[in-house]
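# Results of the structural survey
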Amino acid sequence: MDFLNAIIALSNFALLPAIAYGSQLALGALGVTMIYGILRFSNFAHGDTMAFGTMCVILITWYMQSLGIDFGPLPTALLALPFGILCCIAFLLLVDRAVYRFYRAQKANPVILMIVSMGVMFILHGLVRLILGPGDQRFDDGSRFVMTAREFKQWTGFSEGLAVKTSHGITILTAIAVVAALLWFLNKTRTGKSMRAYSDNEDLALLSGVSPDRVVAITWIIVAALATIAGTLYGLDKSYKPFTYFSLLLPIFASAIVGGLGNPLGVIAGGFVIAFSEIFVTYAWKKVLGYILPEYLKPEGLVQLLSTDYKFAVSFLILLAVLLLRPTGLFGENRS
Amino acid sequence: MSEPFLIGDCMTGGYGRDGPDILRQCTISIDSGEIAVIVGPNGAGKSTALKAMVGMIDLHEGRVWLNGEDITRLPPEERVVRGMGFVPQTNNIFTSMTVEENLEMGAYIRNDDINSTMEQVYELFPVLKQKRRQIAGQLSGGQRQQVAVGRALMTDPKVLMLDEPTAGVSPIVVSELFDRITEIAQTGLPVLMAEQNARESLAIADKGYVLVQGGNAHTGTGKLLLEDEEVRQSFLGG
């Protein structure tokens, strides 16, 4: 009984949040790895692209709410999501045309493109702050829980409760659907294969008649969709604040590098590695250990290895360790 | 006699817009049903001549004609659509994709049924059929070369261009590859290749070009060049 209670407490406070956070990171890191694999640069603007896409979703959500539209127990933001994705796609295609295309035509070095993306990052960041302001925004509605801790306790009779937040449920289901759709697209469709071919060997893809403009445009469309979905899910789960999205860049890049840049499946695993490490290191283990350890070993303190303020240090350390020990990522780079 | 199918006429050019000229007034042509081979010492511009004809480098002077059409200013992807199949010397397969996906990518420009072409490629290179679900990057050098040629054949080209197809493969595989190339040419598809193995390639060639420093030094049927005393002395080692 104590053992089960320990598992329930762990699931409630660490496992479920980590799975949700890992899904959000994985979706973000997939966007980064798509840009890296196909456009061949590290996109520092990705965090702020997520902030921009989410901002579009928030504005549309507020508009829908003002019209009295809601989605029952689910957040209205899910209804606004497709429109937010469209706004983000239009914006990224515009940025590509105005900024990146110029450097692509010159066959600019990836380092130059990376610095250009930092410029785009600052502009996006400023734009979002101008439009929505730097503060916290709330846009979630609908019911907060699929199952509350109290319902769980009454239903099962355990002394520990397991609450399932709506945002966690939505995050996990959406992430599975999006990843499955993306993998299907890349592996089974002609266009998806042409994108993998372009990523694998650009010159040979040209010699096979693949149009680079089309591949680039489709990449931005997919990245916009991934970024908006990841950002909205994160915003629904935690809260929306432009600066938070900027600082998500570190765990996202860490996920992409841990998984091996350019390898979609590895990147998803990388997202979970980072999320679980961050949450498990900053989780206060007192309660769980209290259930499983014998009486005389029960901990006095919180048994929290690191304050949550330092959670980014965890991604940073993992990133450093992977770069030092296995620079191609834990799951190898997807090329020979 | 009508004009040859593909002509690179008085090509002058090199890498980059302002780079030095590697090709100097070089002329290469190939007609239907022929095998033409470009040979010459290292740095003579064999590969450059092929790349110029495919459109991978800009010409400063000269023109390229395909089937009577001036294609000098067309980008490579347009030339592929018009029927030029090109196998580069290196990086000529998609290493992270399966053999079958490599072939499918070759047929990317086509909207018709590709199954019959794929069957023909498998017939020509039976080992590819066995390994069609394998990642192409894991194959041996000779098998990779077969994937590369197969990919180019999948575009259903009107002319096949090979840049040193036998570079880095073992001698047994070289003659095997040349046999396959002869088979391809016998189906009526003109084949133009740049080659290091001058003796063996000239033996199967209808037409040979010996390039020296980016210009035409000798031209003639493969047999004639093999018997030419000067060519033998300078390029074939006696």
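Cut-offs and rules
- Residue indices follow the written sequence of each chain, beginning from 1 at its first position.
- Lettering of chains starts at A and numbering of ligands starts at 1, both following the order in which they are written.
- Note on the predicted model: pLDDT of at least 70 is required for a residue's local features to be given, and 80 or more for side-chain atom pairs to be given and counted; whole-chain, interface and lining totals, by contrast, use all residues.
- Helix numbering and strand numbering both begin at the N terminus, where a helix is a DSSP run of H or I of at least 4 residues and a strand a DSSP run of E of at least 2.
- Radius of gyration: over C-alpha atoms. The globule rule applied is 2.2 Å multiplied by the number of residues raised to the 0.38 power.
- Exposure criterion: with C-beta atoms placed from backbone coordinates, a residue whose C-beta has 20 or more other C-beta atoms within 10 Å is buried, one with 12 or fewer is exposed, and one in between is partly exposed.
- Each residue is represented by a C-beta atom placed from its backbone, and any two residues with such atoms within 7 Å are regarded as in contact.
- Per residue, pLDDT captures the predictor's confidence, and it can take any value from 0 to 100.
- Residues are sorted three ways: Asp, Glu, Lys and Arg are charged, Ala, Val, Leu, Ile, Met, Phe, Trp, Tyr, Cys and Pro are nonpolar, and all the rest, Gly among them, are polar.
- Interaxial angles span 0 to 180 degrees and are taken between N-to-C directions of axes, which are lines fitted to C-alpha atoms, for helices over the stretch in contact.
- In what follows, roughly perpendicular refers to angles from 65 to 115 degrees, roughly parallel to angles under 35, roughly antiparallel to angles over 145, and oblique to any angle outside these ranges.
- The handedness criterion is simple: a crossing whose near helix is rotated anticlockwise from the far helix by less than a right angle is left-handed, and one whose near helix is rotated clockwise is right-handed.
- The criterion for strand pairing is that DSSP finds at least two bridges linking the strands in question.
- The split of the chain into domains comes from an automatic or database domain assignment.
- Looking down the strands as they point away from you, a crossover is right-handed if its path from the first strand over the helix to the second goes clockwise.
- Defined on buried residues, the nonpolar core groups Ala, Val, Leu, Ile, Met, Phe, Trp, Tyr and Cys residues joined through C-beta atoms within 7 Å.
- Expected span, for any helix, means 1.5 Å times one less than how many residues it has.
- As used here, the arc is the angular range of directions from the helix axis to the C-beta atoms.

## Observations concerning the overall build of chain B
Counting its secondary structure elements, chain B contains 10 helices and 10 strands. Relative to the globule expectation of 18 Å for 238 residues, the C-alpha radius of gyration of chain B, 17 Å, shows essentially globular dimensions. Counting all 238 residues of chain B, 45% fall into the buried class. Intrachain contacts of chain B at a sequence separation of at least 6 include 67% that bridge at least 24 residues.

## Description of the confidence of the model for chain B
Predicted coordinates in regions of low pLDDT should not be interpreted in detail. Mean pLDDT for chain B: 90, with 98% of residues reaching 70 or above. Scored as a complex, the prediction yields pTM 0.89 and ipTM 0.87.

## A word on the interface of chain A and chain B
With 17 residues of chain A at the interface, the matching set in chain B holds 20 residues. Mapped onto the side of chain A that touches chain B, the elements with two or more residues apiece are helix 7 (190-200) and helix 8 (202-207) of chain A. In terms of residue count, the dominant contributor to the side of chain A that touches chain B is helix 7 of chain A (five residues). Here the side of chain A that touches chain B is built from residues that sort into five nonpolar, seven polar and five charged.

## Thoughts on the packing of helix 6 (residues 166-188) of chain A against helix 9 (residues 212-237) of chain A
To describe two helices that pack against each other, one gives the angle between their axes and the distance between the axes. Residue and element names in this part refer to chain A. Across the interface, helix 6 lies against helix 9 with an axial gap of 9 Å and an inter-helix angle of 165°. By the angle between their axes, helix 6 is roughly antiparallel relative to helix 9. Note that helix 6 runs across helix 9; the crossing there is left-handed. Side by side, helix 6 and helix 9 meet where Ser 167, His 168, Ile 170, Thr 171, Thr 174 and Val 178 of the first sit next to Ile 229, Leu 233, Leu 236 and Asp 237 of the second. Class assignment for the residues of the contact of helix 6 with helix 9 results in five nonpolar, four polar and one charged.

## As for the sheet that holds strand 4 (residues 59-66) of chain B
All names here are of chain B. Read from one edge of the open sheet, four strands run 2-1-4-5, paired in antiparallel fashion. Of all the strands in the sheet, the pair left with one neighbour each is strand 2 (23-30) and strand 5 (69-70). Alignment of strand 4 against strand 5, held across two bridges, turns out to be antiparallel. Note on strand 5: the bridge partner recorded for Trp 65 is Asp 70. Together, strand 1 (6-13), strand 2 and strand 4 form the strand contacts of helix 1 (residues 46-54), whose direction differs from that of strand 1 by roughly 115°.

## Considerations on the packing of helix 6 of chain A against helix 7 of chain A
Residues and elements named next belong to chain A. At a minimum axis separation of 5 Å, helix 6 and helix 7 run at an interaxial angle of 80°. Between helix 6 and helix 7, the interaxial angle falls into the category roughly perpendicular. Of the residues in helix 7, those touching helix 6 at Phe 185, Leu 186, Asn 187 and Lys 188 are Gly 192, Met 195 and Arg 196. Here the residues of the contact of helix 6 with helix 7 are counted per class, giving three nonpolar, two polar and two charged.

## A few points about the domain arrangement of chain B
All names here are of chain B. According to the domain assignment, chain B contains domain 1 (1-83 + 160-167 + 191-238) and domain 2 (85-157). In this assembly, 12 residues from domain 1 lie in contact with 12 residues from domain 2. Counting residues per element, the ones that place at least two in the side of domain 1 that touches domain 2 are helix 1, helix 2 (76-81) and strand 7 (159-163). Here the side of domain 1 that touches domain 2 takes four residues from strand 7, the largest share from any one element. When grouped by side-chain class, the residues that make up the side of domain 1 that touches domain 2 number eight nonpolar, two polar and two charged.

## What to know about the pairing of strand 8 (residues 191-194) of chain B
Residues and elements named next belong to chain B. Residue alternation in strand 8 divides its side chains into two sets, Val 191 and Met 193 and Leu 192 and Ala 194, and both sets are buried. Of the strand pairs in this sheet, strand 3 (residues 35-39) and strand 8 are connected by four bridges, and their pairing is parallel. Its bridge partner lying in strand 8, Ile 38 is registered against Ala 194. Alignment of strand 7 against strand 8, held across four bridges, turns out to be parallel. Bridge pairing in strand 8 links Asp 163 to Ala 194. For the handedness criterion, the β-α-β arrangement of strand 7, helix 7 (residues 171-186) and strand 8 is classed as right-handed.

## Structural notes on the nonpolar core
Formed by 157 residues in total, the largest nonpolar core has its most connected members in Val 223, Ala 224 and Leu 226 of chain A together with Ala 49, Met 53 and Met 161 of chain B. Lining this core are residues from two domains, each supplying at least three of them: domain 1 (1-83 + 160-167 + 191-238) and domain 2 (85-157) of chain B. Discounting chain neighbours no more than four positions away, the residues touching Val 223 of chain A are Gly 31, Met 34, Ile 35 and Leu 92 of chain A.

## Brief notes about the sheet that holds strand 9 (residues 207-212) of chain B
Residues and elements named next belong to chain B. With mixed pairing, the six strands of this open sheet are ordered in space as 6-7-8-3-9-10. Only two strands of the sheet have a single partner each, and these edge strands are strand 6 (84-87) and strand 10 (215-220). Direction aside, neighbouring strands of the sheet carry axes that sit 15° apart on average. With four bridges joining them, strand 3 and strand 9 adopt parallel strand pairing. Opposite Val 37, over in strand 9, you have Gly 208 as the bridge partner. Across the sheet, helix 6 (residues 141-154) lies against strand 6 and strand 7, angled at about 165° from strand 6, the strand it touches most.

## Notes on the pairing of strand 4 of chain B
Residue and element names in this part refer to chain B. By the bridge criterion, six bridges tie strand 1 to strand 4 in an arrangement that is antiparallel. Bridge pairing in strand 4 links Asp 9 to Arg 63. Hairpin geometry of strand 4 and strand 5 is characterised by an intervening segment of two residues between the two adjacent antiparallel strands and by a positive phi of about 50° at Asn 67.

## Some words on helix 7 of chain B
All names here are of chain B. End to end, helix 7 covers 23 Å across 16 residues, agreeing with the expected 22 Å (1.5 Å per residue, within 8%). Those residues of helix 7 not exposed but buried are Val 174, Leu 177, Phe 178, Ile 181 and Ile 184. Taken down its axis, helix 7 places every buried residue within 115° of arc, on the same side. Residues of helix 7 that are exposed and point more than 90 degrees away from the buried face comprise Ile 172, Asp 179, Glu 183 and Gln 186. Packed against the buried residues of helix 7 are helix 6, strand 7, strand 8 and helix 8 (198-204). One or two positions beyond helix 7, positive phi appears at Gly 188, with a value near 105°.

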